Structure formats: structure tokens, C-alpha cells
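Analysis of the macromolecular model
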Amino acid sequence: MLSIKNLTASINGTPVLKGIDLDIKAGEIHAIMGPNGSGKSTLGKVLAGHPAYEVTGGEVLFEGRDLFSLAADERARAGLFMGFQHPIEVPGVSNSSFLRLAYNKKAEAEGRDELDPLEFDDFIHEKIKLVAMREEFLDRSLNEGFSGGEKKRNEILQMAVLEPKLAILDELDSGLDIDALRVLGDAVNRLQRADRALLIITHFPRILETIQPHHVHVLSGGRILKSAGKELALELEERGYDWVLEASAAGGAR
Amino acid sequence: MTSMVVGSNLLVDLLSGPRPAEWASLREAAEGRLEGRDLPTTKDEAWKYTDLKALAAIPFVAAPRATVDISAYLLPEMVGTRQVFVNGHHAPHASCASAVPAGVRFLPLSTASEACHALGTVKNGVTPELFEDLNSARFEDGAVILVPKNLKVALPLHLLFLTKADTPIAVFPRVLVVLEPGAELELVEEHHGEGTYLSCPVVEVRLGEGAILRHERVQRESPEAFHLGTLKAEVGRHGQYHSRTLSFGARFSRQHPWVRLAEGAEGTLDGLALLDDQQVADTHSFMHHAEPNAVSHQLHKCIVDGKARAIFNGQVRVAPGAQGTDAKQQSRNLLLSETARVDTKPQLEIYADDVKCSHGAAVGQLDPEELFYLESRGLNADDARNLLTYGFAADVLQRVPVASVRRALRQLVMARTQAASLGVLA
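Each partner contributes residues to the interface: chain A has 25 residues there, and chain B has 24 residues. Elements with a minimum of two residues in the side of chain A that touches chain B: helix H2 (72-77), strand E7 (90-94) and helix H3 (95-109) of chain A. It is H3 of chain A that provides the largest number of residues to the side of chain A that touches chain B, a total of six residues. Class assignment for the residues of the side of chain A that touches chain B results in 15 nonpolar, six polar and four charged.

Right, dumping it as C-alpha cells:
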């Protein structure tokens, strides 16, 4: 589904990604972990098409297409989704209208029927149950005055509405209490299917207890230092990141 | 004010016409102050950014009576609480005050001579602006609103000023609002028009102790119009005056809101201006914390496109002894083109020491992070820009309490921000 080869990227001329290789197949869940400033959020933003980052080398294929030939909105309509660490607020634009707009843009791109407000109303009421969101949040302005946790809930609701092929979730756990984390983790699991893939970007291993990855990668200094199965997450929880960094410096972590 | 000649006979022409009957002393005083004065020029500090040459070049004359179909302007909440003025003259057949509660006086000035003594008495201690004096000298009619003690008026009142100009005319709408102690009122004041004209409205507000006025002001003058408005509000102890001025029309508009807060009073002067082409919108506001423990809020937003220009000068004065003052002022501006321009300036004069005064001014483009967020949900760059622009304005509109006004303004803003096709009305 996603094939990243020797990807390098920089922001304001400063290299942040220094050669990333990663393959994600349909049905897989991958976790990118790493200390703060490692470049893991950058990877998500580069894949989603954030304009501040410049891709300086390498290649990314998404479903066989050159990802970088697509603008951010085209990537979204092609089935890539990024759940933001800090979702933005848009006053005056109702959450449900925005969700319908996003849904219809994607439906239009896929040649499916668009939903009118009444049809969408039925559709969205099923979806909010999945993330246990209260109905009033549909009528409020997009993310306006939402708490950190409510914003994250809304991100997963957007994911449920857009049903992406590949979802990148950047620090989903930040700002969430333990119960909300379980609810959203379960929702993400239920959205996962054999023809979809997930890339979880996280600093803390806790979320990986609910969303269990097949592969865990440690990113630091703009490179993947170590890749292994989900047991790596447990090891990181116990031992922190330093041992990976040290082993890598000694040339032995791979 | 200097007497720089701008080659204009505007004042001479307008003042040489007949002086309407009544309020003779008010008119004479204004005429006296106008004697020898001419339009301000950009050499006057307060008019530095706003050139009146185009105004001076047009031969405006006193406005004749006219009839206008008002059906498009009726608001469902206020069909029985409206007074309509066309070209500055009262339009009795277009007005309807059948739902105005007993005890409330909501009348044309021309039939309310008992309001004579109150008119022109809200004074801000400085020489009136030239356009205010011009109004006092030549207004034909206007509205008077008197709400008795402790009466809370449930229905909003609607003041509609329409101008229809086949040739350039000048209109001088006049409004006096007096709320006795404890009274409450919601007022919607609208200005619409067609053609080339000069509109110089003056609104005087006096609120008794604990009285509350919510005042929505909608300026949708014609694209060829000049609108130079004065607002003076005196707020009594623990009274509240909340106004929102929404400017969409006129090639040139200038607002002079002035508010004086007594002890414990609360004042709001919010504003939104949506400008394009060569439009100029200038707001020079004055928030006067005259006594202790008053609170004021100002949020002024401008969206400027094309070669348009917005000016905001927000003066806040905290008088000696006005301890416990809490004053907030925000000027936020969105530039949508390379040639759009904003000049914004807070002006704080604080003569007391135990006060909280904050102000901020921001001029910028849409935030790339916000655009990226929307694009990452599949909206193309244009749609994302339009939606964020709409949201910037809707932030002010969503606080408008009268539903039909709020809806109409949202539709207007959607159309102007090309967000209408997105169908995302909150």
C-alpha cells in the first residue's frame, strides 16, 4: 500500500528526515515511536503533504502512485488520512456540515453518490456512536472550544466518515485520559480492515496496548534505528529509548 | 481641524438649502460650528489615511422624498416593530409599530417634539465631528426610542434607513435612544441604498442605571455611497451597551463610535468589515472609562481584498480615579490580496493605576497550518481558503442574537467569500 524508499526531507533548509525506508502492506498496523524531536511527526506531515516541508530525495509510492505528484487534498481524496496532533478550530463552520463536505468531496472523487443533509444525518448518527461523541458536538463549530480530548474524538470521527485506505494517526494519545484512549483505540481497531492500513505515530507505548501493531519502528535523528514486532513497544516501555540510540551509535541495533 | 480647502463647495451647498423646522437651537449651534470649516484632509491626523477628495468632487443636494419597495428588507421577528425612513424622510406606510409594547415610545422624531430637549445632549466633551454637525444642521427626520423604567422589551426593534439616489443626494438619519433605569432593549439598525449618495447618520444613546441595550448596526449602503456615521452612547451605572457594527457596503465608510461608561458599566464595540475593490472602511472608536469598575470589550475584524483599505484607530481612555477598569481591545485583520491594506492602531490613555487594559493587533494572511488541515480532509486549496475566510467573519456573526439578521448576514458573507457553494452554514 505504502512504499517509502530513502526518503529525505527538510524544513527551512534543515534536514529532518535523513533516509527513511518503510513498507506498509494492506491489513498491517505499524507504529513509529521515538523520542521528542526525532522526526516522527515530520514523517506523518510529509506523507500528508504539509507545505512547510521540502522533500529533498527518495520516493514514496501510495497504491503504486507517486505520492509527491499529488497535492495534499488529492492525497486525501485518494484515501490517505492524517489524524492531527493539534487539530485546528474553524469558527462559524458547523462540524456536521464540514464532515458532510469532506465526505462528499471524497465520494465525488470516487464516483460515488454524494449525500444530502438528511441522508448524511442518518449516516453520521451511526458514526458518532463509534467514537461515543455527544450529538451536540455535531452542531458546534468545527473544533471550536473543544477540549484536547474532544478534538481527538473528532479526528477519529473524521476518519470513520472518510474511511481511508491508510490512516496516519499523529500522537492520538496526547490530551486523552485513559478511558477516552480506550474508546478511541477500540474505534480505530473496528475501522481497521484487511484492505486498510494504519500508521500510529506515538511517543508513549500506552496506546499500543489497545491498538496492537504488527511492526514497531524506532525513529531518531531522522532515521529508523530499529524495527521489530510489537514486543519492541513493551521493551521501550520498560527501558526507554536510550538503549536503542546507544546500540545504534555502536552500530549494533539493526 | 484645519480649514484646508479641498476645492469643495459641499458644505456651502448643503447648508445653503432650507433648514428644516424644529430643533432650531441645535441646528443653529451646529451651523455656528460649521462656519468657515471645510472637509478634513489627509493632513489632519484623524484623517491621515482617508482621503475625502472623491467625496468633495460630487455635488450632493438635499434628498427628495422617494418611495421604495421594502418587502426585501422585512425581518420576520420585527414586522410589527419597525420604523422605515427613505431618503431621510419617515415612510409611514412602510412602517409598522403595532407590536411595540405599551409604554415604549418608538416614533419618528418629526412627531415626537417632546424629545426635543433630549436631542443633541449626549455630549462627549469635545467639539463634534464635522459630519455630526452637518447632521444636526440638516437632518429631516429620524427615530426616537424611549423605554420606561424596568421594562424589558421582548421583541427587537427594527430601524431601516433606505436611500434611493437617482442623482447624488445627502441624507442625515438621526436616532435618539433613551432607556430609563432597568430597561432592556434589542435594536437592529440597518442602512441600505442604491446610487450615489452621502449618508451621515447620528445615533445618540442614553442608558439609565442598570439599563441594557443590544445594538446591531448593519451597513449595506450602495457600492457608490459614502457613509460617515456617528454613535454616542452614555452608559449609566451598571448599565450595559453592546454594539456590533457590520460594514459591507459603501465605497467609503467611516464610523465614529464613542462610549462613556459610568461606574460598573459594561460596553462592547465589536466590528466586522468585509471589503473588496477600492472600498475604504475606517473606524475611529473611543471607549471612555469615566468611572471605576467598568468593563469594555472590543473585537474589530476586517477582511480586505482587491485594492481595498481598512483603518482602525481604537482609543481607550481610563479617567483619573477609574480604578478597577477592565478594558480589552482586539483588532484582527485578514488580507486577501497583495494590494489590500490595513492600518490599525490602538491608542490607550490610562490615568488610573489599578486597571487591566489589554490590546492586540494582528494583520495577516490565512494560516498555512489551518489551510493544510482542511486540505488534508480533501478540500482543494480554493475551497479551504474560502471556508477559512468565511469562518473568520462568521466568528463575529454567530453572536448576532436576532436569527433572521444572523442568517441574512451569513448568506451575504458566504456569497462574498465564495463559500456559498460549500454549504457549511453553522
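Residues and elements named next belong to chain A. Across its 15 residues, helix H6 (residues 148-162) extends 21 Å between first and last C-alpha, which sits within 8% of the 21 Å expected from 1.5 Å per residue. For H6, a buried count of 12 out of 15 residues is recorded, marking the element as mostly surrounded by other parts of the structure. Those residues of H6 that sit buried are Lys151, Lys152, Arg153, Asn154, Glu155, Ile156, Leu157, Gln158, Met159, Ala160, Val161 and Leu162. Looking one or two places after H6, you find Glu163, whose phi comes out positive at around 45°.

In this section: the nonpolar core. Formed by 187 residues in total, the largest nonpolar core has its most connected members in Ile168 and Ile200 of chain A together with Ala393 of chain B. Considering each element in turn, this core owes the most residues, nine residues, to helix H6 (residues 381-397) of chain B. Domain assignment of the residues forming this core places at least three in each of domain 1 (54-367) and domain 2 (368-426) of chain B. Non-local contacts of Ala393 of chain B, meaning those with residues more than four positions away in its chain, are made with Leu272, Leu274, Lys301, Ile303, Val413 and Thr417 of chain B.

Residues and elements named next belong to chain B. Segmenting chain B into domains produces domain 1 (54-367) and domain 2 (368-426). Relative to domain 2, the C-alpha centre of domain 1 lies at a distance of 25 Å. Tallied by class, the residues present in the side of domain 1 that touches domain 2 amount to 13 nonpolar, no polar and eight charged.

Two quantities define a packed helix pair, namely the angle between the helix axes and the distance between the axes. Residue and element names in this part refer to chain A. Contact pair H6 / helix H7 (residues 178-191): the axes reach a minimum separation of 10 Å and the direction vectors enclose 10°. Here H6 is positioned roughly parallel relative to H7, judged by the angle of their axes. Residues Gly149, Lys152, Arg153, Ile156, Met159 and Ala160 of H6 lie in contact with H7, whose contacting residues are Ala180, Leu184, Ala187, Val188 and Leu191. Classifying every residue of the contact of H6 with H7 gives eight nonpolar, one polar and two charged.

Another aspect to go through is the environment of Ser253 of chain B. Residues and elements named next belong to chain B. Looking at the secondary structure, you find Ser253 in strand E15 (residues 252-261). For the pair formed by Ser253 and Gly360, sequence separation is 107 residues and the distance between their alpha carbons is 23 Å. Discounting chain neighbours no more than four positions away, the residues touching Ser253 are Gln219, His227, Ser247, Ala281 and Asp282.

The backbone phi angle of Asn143 of chain A is positive, close to 65°, even though this residue is not glycine. Mapped onto the fold, Asn143 of chain A is located in the loop between strand E8 (141-142) and H6. The phi torsion at Asn293 of chain B lies on the positive side, around 60°, for a residue other than glycine. Counting through the fold element by element, Asn293 of chain B comes out in the loop between strand E17 (280-289) and strand E18 (295-304).

Bringing the pairing of strand E4 (residues 53-62) of chain A into the picture now. All names here are of chain A. Looking at chain direction, strand E1 (residues 2-11) and E4 are connected through eight bridges and run antiparallel. Note that in E4 the partner of Ile4 across the bridge is Val60. Pairing of E4 with strand E5 (residues 65-66) involves two bridges; the strand directions are antiparallel. Across the sheet, Leu61 pairs through a bridge with Asp66, a residue of E5. Hairpin remark: E4 followed by E5, antiparallel, with two residues in the connecting loop; positive phi at Glu63, about 55°.

Another point: the pairing of strand E12 (residues 212-220) of chain B. All names here are of chain B. In terms of strand pairing, strand E9 (residues 184-194) meets E12 through nine bridges, oriented parallel. Pairing of Val188 across the sheet is with Glu216, part of E12. Here E12 runs beside strand E14 (residues 240-247); their pairing, made up of eight bridges, is parallel. Bridging from a neighbouring strand, Arg217 pairs with Thr245 of E14.

All names here are of chain B. Within the open sheet, the 10 strands sit side by side as E3-E2-E6-E9-E12-E14-E16-E18-E20-E22. Their pairing is mixed. In this open sheet, the two strands that pair with only one neighbour each are strand E3 (89-90) and strand E22 (356-364). As judged from the eight bridges shared by E14 and strand E16 (residues 266-275), these two strands associate in the parallel manner. Each residue of the ladder has a partner; that of Leu246, found in E16, is Leu272.

On to the sheet that holds strand E12 (residues 223-228) of chain A, then. Residue and element names in this part refer to chain A. An order of E6-E9-E10-E3-E11-E12 is seen for the six strands of this open sheet, with the pairing classed as mixed. Of all the strands in the sheet, the pair left with one neighbour each is strand E6 (80-83) and E12. In this sheet, neighbouring strand axes are inclined to one another by 20° on average, regardless of whether the strands run parallel or antiparallel. Where strand E9 (residues 166-170) and strand E10 (residues 197-202) come together, five bridges link them in parallel fashion. Considered in E10, the bridge of Ile168 is made with Leu199.

Residues and elements named next belong to chain A. Interhelical geometry of H3 versus H6 gives an angle of 35° and a closest axis separation of 9 Å. For the element pair H3 and H6, the recorded crossing hand is right-handed. Residue-level inspection shows Asn95, Leu99, Ala102, Tyr103 and Lys106 of H3 in contact with H6, the latter providing Asn154, Gln158, Val161 and Leu162. In terms of residue class, the contact of H3 with H6 is built from five nonpolar, three polar and one charged.

How each quantity is defined
Residues numbered from 1 in each chain as written. Chains lettered and ligands numbered in written order. Predicted model: local features only at pLDDT ≥ 70, side-chain atom pairs only at ≥ 80, totals over all residues. Contact = placed C-beta atoms within 7 Å. Helix = DSSP H or I, 4+ residues; strand = E, 2+ residues; numbered from the N terminus. Nonpolar A, V, L, I, M, F, W, Y, C, P; charged D, E, K, R; others polar. Expected span 1.5 Å × (residues − 1). Buried ≥ 20, exposed ≤ 12 C-beta atoms within 10 Å, placed from the backbone. Core = buried A, V, L, I, M, F, W, Y, C linked by C-beta atoms within 7 Å. Domains from an automatic or database assignment. Axes fitted to C-alpha atoms, helices over the stretch in contact; angles between N-to-C directions. Parallel < 35°, antiparallel > 145°, perpendicular 65-115°, else oblique. Pairing = 2+ DSSP bridges. Left-handed = near helix turned anticlockwise from the far one by under 90°.

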